[in-house]
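Commentary on secondary and tertiary structure
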Amino acid sequence: MPSLILSYVCGHLVPLLLAVSVIFFWSGHNQPGGGFIGGLLAAEAVLMIVIAQGVDAARRRMPLQPGTLVAVGFLTAAAAGLPGLILGEPFFSGQWTELTLPLLGAKIPLGTPLLFDTGVYLLVIGATLSIAFTFGEK
Amino acid sequence: MYMMALLVGGLFAMAVYCLLRRNLLKLVFGFLILSHAVNLLIFTAGGLTRNAPPIAPSEAKFLAAPYADPLPQALILTAIVINFGVFAFLLALVDKARRKTGTDDSDAMKGSDA
Amino acid sequence: MNTLLVLPVIVPIGAAAFIWLFNSRPRIQHALVLLTVAATLAVACLILRQTAAGDVHSTQIGHWPAPYGITFIVDGFSTLMLLISTLIGGMAALFSIGDTADRRHAGYFPLFFILLGGVNGAFLTGDLFNLYVWFEVLLMASFVLMALGGQRTQIEGAVKYVMLNLAGSTLLLAGIGIIYGLTGTLNMADLAAKLAGVSNAGRVNAAAMLLLAAFCIKSAIFPFFFWLPASYHTPPPAVAALFAGLLTKVGIYALVRMFTLVFVADTAATFKLLRILAGLTMVSGVLGALIQKDMRRLFAFLIVSEIGFVLMGIGFRTERALTGTIFFLMHMAVVKSTLFLMTGVIEHWKGTVRLDRLGSLFEDHPAFGYLFLGPVFALAGLPPLSGFWGKYVLVQAGLIEKYYLLVGVALAVSLTTLWVVARIWMEAFWRPACAPKRRADAPLGLLRIGPIVVLAAVTFLLGLWAEPFHAQALQAAGQLLHPSAYMQAVLGGP
């Protein structure tokens, strides 16, 4: 049974949780944080919807279903290993490049570990939610 | 160190006690405790240190000498993630087993032995 | 070589992700399965070409130098195991395309290839913790595959299988923790060098015994074999064939690797223990098989018995004995998968695999009868089939080392196996049918007969043209006993 208070709070908390999850994910670049923790937080945001409105509502609001997220996340993470292979180095050798933001002039280092982390982020969301949905639907 | 050893031993004992029960749900919890016991064992065996986290400041080339060994932590993190998945699967399996066989007593599950 | 070494893992697991994305389009899924099978076989053959001359190749994942990073390494033994695993995995995958009962669930093929990737990863890795991770990968996939059908016996079998294998994994992890505490490294080659300098022999032995128990559980060695016959007959035939062919072999592989490379300091007691366990495993497996009525359960018990033979070779610890072990491992993996696939065909025709209800199979399907003859008598070790050469080398090695008692037990077990196998033949194939046919003969299709024919042909090949396989096994055994090339490939230096 959907509770009014929970639904209301949930509507405000979900964007907040998603934002925090992205911050955690990004800070994993050089500090504690990263794809795994960020992914868990994002999954938690969706779990809020599950608790407030049920599994079906959560499923409807997700652009990609958890199973697909797992596969896409895995492929993204595995793709991070390929640049090293193509350059003749071992699998998963880190490759880095710098991206200069056009207006601010700030330089952001981008590398295959970031791609790997993105894959982990998606995979963790997918895996956690497919477990939660399976139990929630019973 | 001795405290940790006692704790690990106690957890192992609890886990084994749970594993020896016939109730399937107790078995699952036994595994949960067992995995925690093993994680603590790795942590203790890897050496307990009261030191700085193994994160080098951005301007330094090397890590300053007293730092905690990051490898056991990485191992435990991996093991926790694996156990998280295993635990979810176990819960689903036990739930399904109870629905299919109508019991959670592992002694009654002899259908595949005949 | 950098690329080639990781491909046996990435190809199946990457393919699993792609196949999952197409879970509502069975035709595309099947095309992808065929493609993956071809690709993995090609990769395994390419690796064989690199290592056939006795070279050892390695790569460091992520360019982290050994012993800090994860090593992937391939020598003669891992190459042969890779070949066998990709062959069996491929054939079982083809069989399940043909078998409608196997692929009702969209997750079936992804899990199948994740399992294969996990098995390959365990064969390739040179890092102890990474070995644990691959074990978990293949176990998780196998747990779900085993329970996927959701029938009552399957769930009950899965409960036993899951619980014991998880206990094994936990012991493995505890052993790894203690080893790391002792040496500060987990790279196997580095461990081999460092464990020799550890003065605390008691703790080394404790870790070695934890690992031994873990691998014993995973490869169904006495006294931990009960989960195998309680569960292997429950999943569909292709899954059972995959499990029978590969899962216990990974445990044996890890056992051989650890006890030839890492724990080599205090060997006398350990290897005596291995020999005792070998004898007990053989005997308990074949005694269990004697009274079984269900053909799959019977074969499951015979797996346990054959694991005993393999373990005997490890226990003798000579080059000749290890050659026999490796040859016998290849033989039993292929033969057991073939037989489990064949029980699937028999069930398709007769609706049962219980010996007391079967009959007149030879009369109804003579060609299949001849095909069945090969693997099943190879199992009993009749010359000139593959099982004979493996047992011959093992027995010879035992006689040279003067382990007369164990060799005598092995020969008695072989004779009993022959009796069991002859009973299958008499009851299922020669006896007139005791029950009327339950099903109309639906066509089997090339995808189910083809893999069986290929695997049976490999059995014959291993028997009739054993020389090149024996030579490869001999070379692999030499590398196991003299690991300097292995250590050099990982750590560099002289």
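Anything mentioned here points back to the structure above.
First, a word on scope: everything that follows refers to the structure included in this document. Residue numbers run consecutively from 1 along every chain, following the written order of its sequence. Written order decides the labels, with chains lettered from A and ligands numbered from 1. At least 70 in pLDDT is required for a residue's local features to be given in this predicted model, at least 80 for side-chain atom pairs to be given and counted, and no such filter applies to totals for whole chains, interfaces and linings, which use all residues. The side-chain quantities take in all heavy atoms of the structure and omit both hydrogens and water.

**What to know about the overall build of chain C**
Going along the chain from the N terminus, every DSSP run of H or I of four or more residues is numbered as a helix, and every run of E of two or more is numbered as a strand. Helix and strand counts for chain C stand at 20 helices and two strands. In this setup the radius of gyration rests on C-alpha atoms only. A globule is expected at 2.2 Å times the number of residues raised to 0.38. Here the C-alpha atoms of chain C give a radius of gyration of 21 Å, agreeing with the 23 Å that 2.2 N^0.38 yields for 494 residues. Oriented by its inertia axes, the alpha-carbon framework of chain C measures out at about 70 × 55 × 40 Å. Exposed residues in this analysis have more than 50% of their type's maximum accessible area, buried residues have under 20%, and partly exposed residues fall in between, with area computed by a 1.4 Å probe over protein chains only. Counting across all 494 residues of chain C, residues that qualify as buried make up 64%. Considering only contacts within chain C whose residues lie at least 6 apart along the sequence, 80% involve residues at least 24 apart. Using a 1.4 Å probe, accessible areas were evaluated by the Shrake-Rupley method; residue-level cover was limited to the displayed protein chains. Accessible surface, chain C: about 16100 Å² in total, of which carbon and sulfur atoms supply 67%. The charged-residue count follows a simple rule in which Lys and Arg add positive charge and Asp and Glu add negative charge, with His and chain termini not counted at all. A single reference atom marks each charge: NZ on Lys, CZ on Arg, CG on Asp, CD on Glu. Separation of charge centres in chain C, based on 31 positive and 20 negative side chains, amounts to 5 Å. Two residues qualify as a contact provided that any one of their heavy atoms is within 4.5 Å of a heavy atom in the partner residue.

**As for the interface of chain C and chain B**
Each partner contributes residues to the interface: chain C has 33 residues there, and chain B has 33 residues. Between chain C and chain B lies a buried interface of about 2900 Å² when both sides are counted; carbon and sulfur atoms form 76% of it. Buried area is calculated as the accessible area (1.4 Å probe) missing from two parts once they are joined, with the contributions of both summed. It is C:E156, C:M163 and C:Y180 that lose the most area in chain C upon contact with chain B, and together they represent 20% of the buried surface on that side. By definition, a salt bridge exists where a carboxyl oxygen of Asp or Glu is found within 4 Å of a side-chain nitrogen of Lys or Arg. Put simply, chain C and chain B have zero salt bridges between them. Polar contact criterion, stated in full: a pair of N or O atoms within 3.5 Å, where within protein one must be able to donate a hydrogen and the other to accept it, and residues adjacent in sequence count only if both atoms are side-chain atoms. In this structure, the connection of chain C to chain B is made through zero residue pairs in polar contact (both at pLDDT 80 or more). Per element, the largest residue contribution to the side of chain C that touches chain B is 19 residues, and it comes from helix α6 (residues 152-183) of chain C. Note on residue classes: Ala, Val, Leu, Ile, Met, Phe, Trp, Tyr, Cys and Pro are nonpolar, Asp, Glu, Lys and Arg are charged, and everything else, Gly too, is polar. Residues that form the side of chain C that touches chain B fall into these classes: 20 nonpolar, eight polar and five charged.

**A short note on the packing of aromatic side chains**
Residue and element names in this part refer to chain C. Between the rings of Phe, Tyr and Trp (Trp by its six-membered ring), a pair exists once the centres lie within 6.5 Å; its type follows the angle of the planes, with under 30 degrees stacked, over 60 edge-to-face, and the other angles tilted. Using the criterion set out here, one finds 30 aromatic pairs over all chains in the structure. Seen in terms of ring centroids, F77 and Y253 are 5.1 Å apart; in terms of plane orientation they differ by 35°. Their pairing is tilted. Within this pair, whereas F77 is found in helix α3 (residues 76-98), its partner Y253 is found in helix α10 (residues 237-262), the two being separated by 176 residues in sequence. According to the relative accessible area criterion, Y253 is buried, its value standing at 3%. A ring is considered to have a charge above it if a Lys NZ or an Arg CZ atom is located within 6 Å of its centre and within 35 degrees of its normal. The ring of F135 carries the charged tip of K218 above its face, separated from the ring centre by 5.0 Å. Directly above the ring of F309 sits K391, whose terminal nitrogen or CZ lies 4.7 Å from the centroid.

**Regarding the pairing of strand β2 (residues 71-74) of chain C**
Consecutive residues of a regular strand have side chains that alternate between opposite faces of the sheet. Residues and elements named next belong to chain C. Side chains T71 and I73 of β2 all project onto a buried face; the interleaved residues F72 and V74 project onto the opposite face, where all are buried too. Here, a strand pair is defined by DSSP locating no fewer than two bridges between the strands. Of the strand pairs in this sheet, strand β1 (residues 57-60) and β2 are connected by four bridges, and their pairing is antiparallel. By the bridge assignment for β2, S58 is matched with I73.

**Quick word on the interface of chain C and chain A**
Across the boundary between the two partners, chain C contributes 15 residues, which contact 13 residues of chain A. Both sides of the chain C and chain A interface together cover about 1200 Å² of buried area, and 79% of this is carbon and sulfur. Summed over the shared surface of chain C and chain A, the number is zero salt bridges. At the junction of chain C with chain A, the criterion picks out one residue pair in polar contact (both at pLDDT 80 or more). For the side of chain C that touches chain A, the secondary structure elements donating two or more residues are α1 (2-21) and β1 of chain C.

**Concerning helix α4 (residues 108-124) of chain C**
Each full turn of the α-helix corresponds to 3.6 residues, which orients residues three or four apart in the same direction. Here a helix's expected span is defined as the number of its residues, less one, multiplied by 1.5 Å. Between its first and last C-alpha, α4(C) extends 25 Å over 17 residues, near the 24 Å set by a 1.5 Å rise per residue. Most of α4(C) sits inside the fold, with 16 of its 17 residues counted as buried.

**A short note on the pattern of salt bridges**
Residues and elements named next belong to chain B. Following the criterion strictly, the structure yields seven salt bridges over all chains and no others. Here R99 ties to D95 by a salt bridge, and the two come within 3.1 Å at their closest N and O atoms. In this pair, R99 and D95 are both assigned in helix α3 (residues 70-101), four residues apart and thus about one turn of the helix distant. Taking relative accessible area as the criterion, R99 reaches 52% and is therefore assigned exposed. By relative accessible area, D95 is classed as buried at 16%.

**Focus: the packing of helix α6 (residues 112-137) of chain A against α3(B)**
Helix-helix packing: each pair is described by the crossing angle between the helix axes and the interaxial distance. In this description, a line fitted to the C-alpha atoms serves as the axis of each element, helices being fitted only across the stretch in contact, and the angle between N-to-C directions of two axes falls anywhere from 0 to 180 degrees. At a minimum axis separation of 11 Å, α6(A) and α3(B) run at an interaxial angle of 15°. The orientation of α6(A) with respect to α3(B), classified from their angle, is roughly parallel. Between α6(A) and α3(B) lies a crossing whose hand is left-handed. Residues A:T128, A:I131 and A:F135 of α6(A) form the contact with α3(B), whose participating residues are B:F84, B:A88, B:L91 and B:A92. Each residue belonging to the contact of α6(A) with α3(B) can be placed in one class, and the counts come to six nonpolar, one polar and no charged. The cut-offs work like this: below 35 degrees is roughly parallel, past 145 is roughly antiparallel, 65 to 115 is roughly perpendicular, and the gaps in between are oblique. For any pair of crossing helices, the crossing counts as left-handed if the nearer helix is rotated counterclockwise from the farther one by less than a right angle, and right-handed if it is rotated clockwise.

**Remarks on the packing of α3(B) against α6(C)**
Packing of α3(B) against α6(C) brings their axes to within 10 Å, and their N-to-C directions diverge by 165°. Between α3(B) and α6(C), the interaxial angle falls into the category roughly antiparallel. Taken as a pair, α3(B) and α6(C) cross one another with a handedness that is left-handed. Contact residues: α3(B) offers B:L71, B:P72, B:A79, B:V86, B:F89, B:L90, B:L93, B:K96, B:A97, B:K100 and B:T101, while α6(C) offers C:R152, C:I155, C:E156, C:A158, C:V159, C:V162, C:M163, C:L166, C:L173 and C:Y180. Its residues placed into classes, the contact of α3(B) with α6(C) shows 16 nonpolar, one polar and four charged.

**Some words on the nonpolar core**
Nonpolar side chains tend to gather and get buried jointly when the protein is soluble and globular. All names here are of chain C. As used in this record, nonpolar core signifies buried Ala, Val, Leu, Ile, Met, Phe, Trp, Tyr and Cys residues forming a set joined through side-chain atoms within 4.5 Å. One finds L128, Y232, F263, M295, F299 and F372 to be the most contacted residues of the largest nonpolar core, which totals 215 residues. By residue number, the principal contributor to this core is α10, which donates 19 residues. Those residues within four positions of L128 in sequence are excluded, and the remaining contacts are I176, I179, L186, M188, L191, L211 and M258.

**Brief notes about helix α2 (residues 35-53) of chain A**
Residue and element names in this part refer to chain A. Taking 1.5 Å of rise per residue, 19 residues should cover 27 Å, and α2 covers 27 Å from first to last C-alpha, within 8% of that figure. Within α2 the residues assigned to the buried category are G35, G38, G39, L41, A42, A43, A45, V46, I49, V50 and A52. Contact partners of the buried residues in α2: α1 (4-27), α3 (55-61) and α6. With its phi angle positive at about 100°, G54 sits one or two positions after the end of α2.

**Topic: the environment of C:Q472**
Residue and element names in this part refer to chain C. Within the fold, Q472 resides in helix α19 (residues 466-481). For Q472, a relative accessible area of 19% translates into the label buried. Separated by 395 residues in the primary sequence, Q472 and F77 place their C-alpha atoms 8.5 Å from one another. When sequence neighbours within four positions are dropped, the list of residues in contact with Q472 reads A52 and L80.

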